[in-house]
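So the chains spell out like this:
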Amino acid sequence: MTEESGIEVAVVSGLSGAGRSTAAKCLEDLGWFVVDNLPPELIATMVELGARSSGAVTRVAVVMDVRSRAFTEDLGAVIKDLDARGYKPKVLFLEATDEVLIRRFEQVRRSHPLQGEGRLADGIAAERSLLSRLRSEADLVLDTSNLSVHQLRSKIEDAFGTEAGTRTRITVLSFGYKYGLPMDADLVMDCRFLPNPFWIPELREFNGLDDEVRNYVLGQEGAEEFLQSYQQLLRLVGAGYHREGKRYLTLALGCTGGKHRSVALTEELARRLAEEDGLMVKTVHRDLGRE
């Protein structure tokens with residue numbers, strides 16, 4: 001990003017089958033506004049619109065491939081034009097060995113865009129020749145031959161991500177078992193091992209957001225041990241998810257009606273994850289108010 005323009009611009013290109021789609025999805029997850037296969041003559045216009053969006057768009061990534069007509073000539077000119085305007089585009093080029101590319105195309109049973117009536121290897125060779133100049137001028141060249149999808153995402157995050165953009169986003173959700181399990185939960189914990197405030201007349205009409213219920217639930221034997229143990233488990237699991245490229249995690253805590261115990265524990269767990277572990281956390285109380 002440059003001080004002159006106030007917007008970051010990235011151009012993603014490379015050999016077909018080398019991972020452009022994965023790169024595009026990763027950049028979207030990192031908060032980039034991604035446009036796939038935009039005609040080269042419209043790239044500068046798109047960037048200008050982003051620059052005039054009053055901060056709504058601060059990072060624009062354009063994914064280009066040989067499907068675009070006059071690809072090499074137009075794209076090279078556009079990159080120079082953006083550079084002259086002060087946008088300083090960062091060019092990412094993805095490649096892989098012929099053997100790997102052939103195997104990938106055979107696995108998905110698709111022809112190469114430059115193959116025509118020839119062999120798959122002919123199409124790869126033609127594309128490699130066509131893109132040779134762009135590769136030589138790229139800011140970052142990634143060979144994905146021996147990279148898993150998660151490893152490729154990690155390298156792109158290192159090059160294009162921010163600290164906030166690469167952090168795992170966690171949703172802590174409370175629910176009532178009487179209304180069914182949440183379908184989008186990654187991990188589900190049962191809070192019914194704690195006494196139910198519903199059976200205490202003076203607490204029945206309150207919910208887990210009220211101090212009366214919160215203090216009662218968190219003060220029960222086993223509540224603090226549960227929170228500490230679960231938080232420690234989440235540190236271990238979360239680190240593994242992060243290594244595997246999972247950036248969104250939904251934790252579900254359930255009690256009978258989703259009103260008292262699960263709500264109080266959800267709020268407290270979310271607070272600890274945000275304050276002690278520095279995670280990006282939001283809470284959702286799916287069934288609160290249904291009774």
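Everything numeric here is computed off the predicted structure, so don't read it as measured data.

Draft legend 1. Structural view of the UniProt feature "binding site: ATP" (unreviewed entry) in the chain. Residues annotated by UniProt as "binding site: ATP" (unreviewed entry) correspond here to Gly14, Leu15, Ser16, Gly17, Ala18, Gly19, Arg20 and Ser21. In this fold, Gly14 is placed in strand S1 (residues 8-14). Gly14 sits in the buried class, given a relative accessible area of 0%. The residues contacting Gly14, other than those within four sequence positions of it, are Arg20, Met64, Phe93, Leu94, Glu127 and Leu131. Along the polypeptide, Gly17 turns up in the loop between S1 and helix H1 (20-29). Gly17 sits in the partly exposed class, given a relative accessible area of 36%. Those residues in contact with Gly17, other than ones at most four positions away along the chain, are Leu101, Arg104 and Phe105.

Draft legend 2. Helix H7 (residues 149-160), seen in detail. Taking 1.5 Å of rise per residue, 12 residues should cover 16 Å, and H7 covers 16 Å from first to last C-alpha, within 8% of that figure. Listed as buried for H7 are Leu152, Arg153, Ile156, Glu157 and Phe160. Axial view of H7: buried residues confined to an arc of 140 degrees, hence all on one face.

Draft legend 3. Local environment of the packing of helix H10 (residues 211-218) against helix H12 (residues 261-277). Where H10 contacts H12, the axes come no closer than 9 Å and their chain directions differ by 85 degrees. It follows from the interaxial angle that H10 and H12 lie roughly perpendicular. Seen from H10, the contacting residues are Arg214, Val217 and Leu218; seen from H12, they are Arg261, Ala264, Leu265 and Glu268. For the contact of H10 with H12, the class distribution of residues is four nonpolar, no polar and three charged.

Draft legend 4. A look at the pairing of strand S3 (residues 59-63). When you tally the buried positions in S3, you get five out of five residues, the bulk of the element. Of the two faces of S3, both are covered, the one formed by Arg59, Ala61 and Val63 as well as the one formed by Val60 and Val62. With four bridges connecting them, strand S2 (residues 33-36) and S3 associate as parallel partners. The residue bridging Val35 from the neighbouring strand is Val62, located in S3.

Draft legend 5. Seen up close, the nonpolar core. Counting residues in hydrophobic clusters, the biggest one holds 47 residues, and the most contacted among them are Leu27, Trp32, Ile43, Leu82, Leu94, Ile156 and Phe160. Residues in contact with Trp32, not counting those within four places in the same chain, are Glu8, Val9, Ala10, Leu27, Arg59, Val60, Ala61 and Phe160. Within the second largest apolar cluster, 21 residues are counted, among which are Val217, Ala223, Ala270 and Leu273.

Draft legend 6. Representation of the pattern of salt bridges within the structure. Within the structure shown, the criterion is met by 20 salt bridges. Across the salt bridge formed by Arg271 and Glu275, the nearest N and O atoms sit 2.8 Å from each other. Here Glu275 and Arg271 lie together in helix H12, a separation of four residues that amounts to about one turn. Taking the relative accessible area as the measure of exposure, Arg271 reaches 33% and is therefore partly exposed. For Glu275, a relative accessible area of 56% translates into the label exposed.

Draft legend 7. Spatial organisation of the domain arrangement of the chain. Each assigned domain of the chain is listed with its residue range as follows: domain 1 (8-160) and domain 2 (168-285). Domain 1 and domain 2 are separated by 42 Å when their C-alpha centres are compared. With four residues of domain 1 at the contact, the number on the domain 2 side is six residues. Summed over both sides, the interface of domain 1 with domain 2 buries roughly 410 Å², with 32% coming from carbon and sulfur. Among the residues of domain 1 in contact with domain 2, Asp29, His150 and Glu157 are the three that bury the most area, contributing 84% of the side total. Scanning the region where domain 1 abuts domain 2 turns up zero salt bridges. Remark: the boundary between domain 1 and domain 2 carries zero residue pairs in polar contact (both at pLDDT 80 or more). In the side of domain 1 that touches domain 2, the residues fall into no nonpolar, one polar and three charged.

Reading the values: rules and limits
- Residues numbered from 1 in each chain as written.
- Predicted model: local features only at pLDDT ≥ 70, side-chain atom pairs only at ≥ 80, totals over all residues.
- Heavy atoms only, no water.
- UniProt positions renumbered as here; feature names shortened; annotations may be inferred.
- Helix = DSSP H or I, 4+ residues; strand = E, 2+ residues; numbered from the N terminus.
- Buried < 20%, exposed > 50% of the residue type's maximum accessible area, 1.4 Å probe, protein only.
- Contact = heavy atoms within 4.5 Å.
- Expected span 1.5 Å × (residues − 1).
- Arc of directions from axis to C-beta.
- Axes fitted to C-alpha atoms, helices over the stretch in contact; angles between N-to-C directions.
- Parallel < 35°, antiparallel > 145°, perpendicular 65-115°, else oblique.
- Nonpolar A, V, L, I, M, F, W, Y, C, P; charged D, E, K, R; others polar.
- Pairing = 2+ DSSP bridges.
- Core = buried A, V, L, I, M, F, W, Y, C linked by side-chain atoms within 4.5 Å.
- Salt bridge = Lys/Arg side-chain N within 4 Å of Asp/Glu carboxyl O.
- Domains from an automatic or database assignment.
- Buried area = accessible area lost by both parts, 1.4 Å probe.
- Polar contact = N/O pair within 3.5 Å; in protein donor to acceptor, adjacent residues only side chain to side chain.

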